[in-house]
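Each chain is listed here by its residues.
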Amino acid sequence: MNRTEPDQCQTCGKTSTVEHLICHCRKFADIRTKLNIEDNLEHALSPQPINIQKIFNYLKLTKLYQLI
């Protein structure tokens with residue numbers, strides 16, 4: 001397999017990393033606010049049940065689950 005560079009975010013122009021998509025992308029800011037997702041990836045992905053549920057809901061609402 002060849003490793004390729006990640007795509008650029010079409011909204012922000014930043015590299016489309018997991019951290020960018022979950023914590024910083026302007027396109028999903030309203031959803032992050034609604035779900036109260038922290039802007040720190042370590043906290044957002046912590047194994048606490050409430051955070052797991054938030055991330056699953058976030059992935060569904062943003063349709064990012066289709067990229068997994």
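Before reading further, recall that the structure is shown in the block above.
We now turn to the structure provided with this report. (Residues numbered from 1 in each chain as written. Predicted model: local features only at pLDDT ≥ 70, side-chain atom pairs only at ≥ 80, totals over all residues. Heavy atoms only, no water.)

### Re the packing of aromatic side chains
- For the structure shown, the criterion picks out one aromatic pair.
- Measuring from centroid to centroid gives 6.1 Å for Phe 28 and Tyr 58, while their planes differ by 80 degrees, and the two rings are edge-to-face. Separated by 30 residues along the polypeptide, Phe 28 in the loop between α1 (18-24) and α2 (29-35) and Tyr 58 in helix α4 (residues 49-62) bring together distant segments of the chain. Like Tyr 58, Phe 28 is buried. (Phe/Tyr/Trp six-rings, centres within 6.5 Å; stacked < 30°, edge-to-face > 60°. Helix = DSSP H or I, 4+ residues; strand = E, 2+ residues; numbered from the N terminus. Buried < 20%, exposed > 50% of the residue type's maximum accessible area, 1.4 Å probe, protein only.)

### Describing the side chain of Arg 32
- Within the secondary structure, Arg 32 sits in helix α2.
- Among buried charged residues, Arg 32 stands out as having no salt bridge; its nearest opposite-charge side chain is Asp 39, 7.8 Å away.
- Those residues in contact with Arg 32 that lie beyond four places of it in its chain are Leu 21, Ile 22, Cys 23, His 24, Cys 25, Arg 26, Ile 37 and Tyr 58. (Lys, Arg positive; Asp, Glu negative; His and termini not counted. Salt bridge = Lys/Arg side-chain N within 4 Å of Asp/Glu carboxyl O. Contact = heavy atoms within 4.5 Å.)

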